[in-house]
Amino acid sequence: MTLDGKVPSGPIETRWARHRDHLRLISPANKRRYTVIVVGTGLGGGSASATLAQLGYNVLAFCYQDSARRAHSIAAQGGINAAKNYVGDGDSVYRLFYETVKGGDFRSRESNVYRLAELSGNIIDQCVAQGVPFQREYSGELSTRSFGGALVSRTLFCRGQTGQQLLLGCYQAMMRQASEGRLKVFPKKEMLDLVLVDGEAKGILVRDLTTGEYEAYAADAVVIATGGYASVFNLSTNAVGSNVGAIMRCYKKGALMANPCYTQIHPTCIPFAGWFQSKLILMSESLRNDGRVWVPKKKGDKRPPNEIPESDRDYYLERKYPSYGNLAPRDISSRAAKEACDDGRGVGPSGYAVYLDFRDAIQRHGRKVIEERYGNLFELYDHISGEDPYAQPMKIYPASHYAMGGLWVDYNLMSNIPGLFVIGEANFSDHGANRLGASALMQGLADGYFVLPYTIGDYLATTQPGKVKPDNLEFQKVKEEDEARINRLISIKGSRTVLDFRIELGRLLWENVGMARSEESLTKALEEIPRIREAFWSDLKLTGSEKDLNQQLERAWRLSEALDFAEVLTLDARERRESCGAHFRVEHQTPDGEALRNDAEYTYVAAWEYKGEGEKPEMHKEPLTFEVVQPTVRSYK
Amino acid sequence: MRFHLKVWRQEGPEAPGRFFDYDVDDVIPEMSLLEMLDKLNEELIKKGTPPIVFESDCREGICGTCGMVVNGSAHGPQPKTTTCEIRMRHFQDGETITIEPFRAAAFPVQKDLLVERAGLDKVIQAGGYTSAYTGTHADANAILVPKDDQEYAMDAAACIGCGACVAACPNSSAMLFVAAKIAHLGTLPQGMPEEPKRALSMTEVMQEEGFGACSNHFECQAVCPKGIQVETIARLNRAFLKASLKRRA
Ligand SMILES: Cc1cc2nc3c(=O)[nH]c(=O)nc-3n(C[C@H](O)[C@H](O)[C@H](O)COP(=O)(O)OP(=O)(O)OC[C@H]3O[C@@H](n4cnc5c(N)ncnc54)[C@H](O)[C@@H]3O)c2cc1C
Ligand code: SF4
Ligand code: FES
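These figures come from a predicted structure and were not determined experimentally.

*Asks:* I'd like to hear about the pairing of strand β14 (residues 354–357) of chain A, residue by residue, with values.
*Replies:* Residue and element names in this part refer to chain A. Residues Val354 and Leu356 point to one face of β14 and Tyr355 and Asp357 to the other, with burial holding for every one of them. In the sheet, strand β12 (residues 292–296) pairs with β14 via 3 bridges, with the strands oriented antiparallel. Following the sheet pairing, Trp294 is matched in β14 by Tyr355. Where β14 and strand β15 (residues 394–403) come together, 3 bridges link them in antiparallel fashion. Bridged to Tyr355 within β15 is Lys395.

Given below as structure tokens:
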């Protein structure tokens, strides 16, 4: 298989404009004859649905929550990047592009990243028009702040609820389209499978989560916007319902899975406290603007933080990375925290935490300013930990957070299956091996508001609208397959719960495929995963029936896909024998412990093709070329 | 810690429900209330009993999915807290905790603690947006927004659509929810032009969807996890009145 990324050539500044000018168009009058399914109502799916409906397409939008407004994009706290250069600190489209390519450790497509940076400003204009209440200065102008991996202040925010406000913008735009009848939302319907007709994506099979009924929906194209897969680690910052099911089912229908090993571990989360936990809570990275990260210099120093004098503290990020300091990118900050704790200098009951200290910022700016900037985050922390971050430093530790990998897409955001588009966190496109803070919101909205609405037309123009109906035999076939799989789950009648297996898998991955990976740990995981999967399929215990509201069954279905996904993720991590961005192979590091890339051999996207149950998937390579930014050793010192 | 729970269980929308008693041991103070229910559910499944159905997703107080009545109040007795944010250290060891679903005519119980809240989406569909087209707009700084207005809009925009205000209201009114949206959009220059239409139609659809009218009990403000103020309701009433007069004139 040759992978054609359809990346345009010519000067990078005009690639998108020229590409867009040559896309096929559908006349306004004809658009309503086309139906598009959008699975997911987060920033990716929400912005796409609203825009497609406004263009005149007939849109069917699905989510597993009880309302489109509850997609996990709602939880994003810190902010969204835009190359607006409002503060005049030298920001530009080029700089955002450059920092994103560098932040991704030279493992992303230049053309995609440039387009993303180019569209970033439009997103903000769009959101303001929708009534998103971004933080403002007394002048009435927009405020900005800095995020990890950036030397300028380009992040816009709505207190600590940026994702919420952006998502409500999308959701409200969706509701407006729904009231005008061009968009229909189907909450509490989980996509089980993709339906292909003559090799093209023409519909989905869903399970109604209230009744347990199977339902078929046909369309002229399918857009997947089901978010990331960080939840395979069990404990993550994702929602408890976030899952890899939809993209795995597409993979099993032939869509390629790209770079699954690129998983981001976020440096600032409330530390792990025990296996009873259902998730780990993120403390926005924006806190690193004012908070200083440190651990005691001496091992096992058990003094309360406020009694440890300045001379006994190691502000390790400031020490190791003087130019970026506390704003070093996520992968680097996470590894540095792990290193300090592995060295016996961690704090808190488990020894796996570091301090994030606001003492100096409060002294410098006063409590009121800090309260204004982070009030609700401090409140959240206090709520959960029972400690007051105004009085003593927060304790934080890295946690699984974001998926840079995902389904492979070309420059038009279409997968290798014609008619199957993938947007938002579910695709692999723009962040390479590591994503910079505040760039996921930007990417989801760029995909949905400004890219997909153009590129999908180019595909639809080649098809005859409404050709496939839900009574097509392919739907029946897929239903029989999925029904059999669900019945199998129900009929195991073993002794262990879904959660039991979820924890076992998550723990295995965290310990062996987490922040530090080695040939040995990855091989071990590859041996263990099939064992857990086998135990799952022979010893799972579910109660209730499939034709009913059955939350255990929903979780079992999702976990069954996560078990299969874990294997592809681990395989990808083993085959990539270099360190890059968030993918850290202990065998490949510089003498001072930084990631050591191997550009000669690994400057490619690894796209995995499913070969059947129990078969090893096949890797295809899409070579990456760098015409504008020359790959260098990524330095934040 | 150990707790005695009284949990409402109901097999379906039509089935009668009742409280069931459960004892949960080995609860850790750091656990959230939902994690304690997860633990109880694990024990129930192992015994072959159907687990308690309740909804949640973000588990950090922002998606608005969770929502139960805990010890008699929506989202529990602690102010400005969602159900998923409740931590067990806030209870006394050995205490009896009562957990039941939100109760309102517009929120029929589907199963156990899970209710149907589709009415809230319908209310937003009736005008809870600006009609700005998606596409190219003037620069975001072209229209300045006074900081106080932006802060006020943000306070109101913080609503998570959980429906606790409805559950706490003796009339099952969604007035606080509606007022929050009107205050959010109506305070910003981008949302102002459509305010009269928005105030009328959102209020009308609210009533059509089976939510009651507001008769100033203000229970909503007390349970609202995001601190939405009843003052927004007064603002809505003014906007509604102004728009009705205009419509008549
Ligand atoms: C706690 C947290 C904080 C973050 N903070 C920031 C930040 O400050 N800045 C930033 O840029 N990024 C941030 N991110 C990342 C960013 O929020 C996400 O990457 C982004 O919002 C993902 O959007 P999405 O539309 O791709 O997916 P989501 O918002 O996750 O939406 C997924 C949608 O798919 C639906 N779905 C999933 N599976 C199915 C199925 N099988 N059938 C039907 N529907 C399905 C869900 O119902 C949902 O509607 C944060 C992430 C987290 C977890
Ligand atoms: S106003 Fe408060 S209680 Fe009502 S839905 Fe919004 S957040 Fe929930
Ligand atoms: S689960 Fe999201 S608010 Fe409680």
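*Asks:* I'd love a proper account of the interface of chain A and chain B, names of residues and values included.
*Replies:* Counting residues at the interface gives 74 residues for chain A, matched by 72 residues for chain B. Summed over both partners, the interface of chain A with chain B comes to about 6,500 Å²; 50% of that surface belongs to carbon and sulfur atoms. Considering only the side of chain A, the residues that lose the most area to chain B are Arg70(A), Phe276(A) and His383(A), jointly responsible for 11% of the buried surface there. Viewed at the interface, chain B and chain A are joined by 7 salt bridges. Here Glu151(B) ties to Arg159(A) by a salt bridge, and the two come within 2.7 Å at their closest N and O atoms.

*Asks:* Can you explain the site of ligand 2? Please cite residues and give values.
*Replies:* Around ligand 2, a shell composed of Cys159(B), Ile160(B), Gly161(B), Cys162(B), Gly163(B), Ala164(B), Cys165(B), Leu176(B), Phe177(B), Cys224(B), Pro225(B) and Ile228(B) is seen. Looking at the shell around ligand 2 residue by residue, the classes come out as 10 nonpolar, 2 polar and no charged.

*Asks:* Explain the site of ligand 1 residue by residue, including any values.
*Replies:* All names here are of chain A. Ligand 1 sits among 38 residues. The nearest are Gln65, Ser73, Met191, Glu425 and Leu441. Here an oxygen atom of ligand 1 and a backbone polar atom of Leu43 are 3.1 Å apart. In the complex, the protein chains occlude 96% of the 1,000 Å² of accessible area that ligand 1 would expose alone. Put simply, the parts of the chain that give the shell around ligand 1 at least two residues each are α3 (43–55), β6 (189–197), β15 and α12 (440–460). When residues in the shell around ligand 1 are grouped by element, the largest group, 3 residues, is from β6. Residue composition of the shell around ligand 1, grouped by class: 16 nonpolar, 18 polar and 4 charged.

Conventions used here
Residues numbered from 1 in each chain as written. Chains lettered and ligands numbered in written order. Predicted model: local features only at pLDDT ≥ 70, side-chain atom pairs only at ≥ 80, totals over all residues. Heavy atoms only, no water. Buried < 20%, exposed > 50% of the residue type's maximum accessible area, 1.4 Å probe, protein only. Helix = DSSP H or I, 4+ residues; strand = E, 2+ residues; numbered from the N terminus. Pairing = 2+ DSSP bridges. Contact = heavy atoms within 4.5 Å. Buried area = accessible area lost by both parts, 1.4 Å probe. Salt bridge = Lys/Arg side-chain N within 4 Å of Asp/Glu carboxyl O. Near = heavy atom within 4 Å. Nonpolar A, V, L, I, M, F, W, Y, C, P; charged D, E, K, R; others polar. Polar contact = N/O pair within 3.5 Å; in protein donor to acceptor, adjacent residues only side chain to side chain. Areas by Shrake-Rupley, 256 points an atom, 1.4 Å probe, with all protein chains shown as cover.

That's the geometry; what it means functionally is another story.
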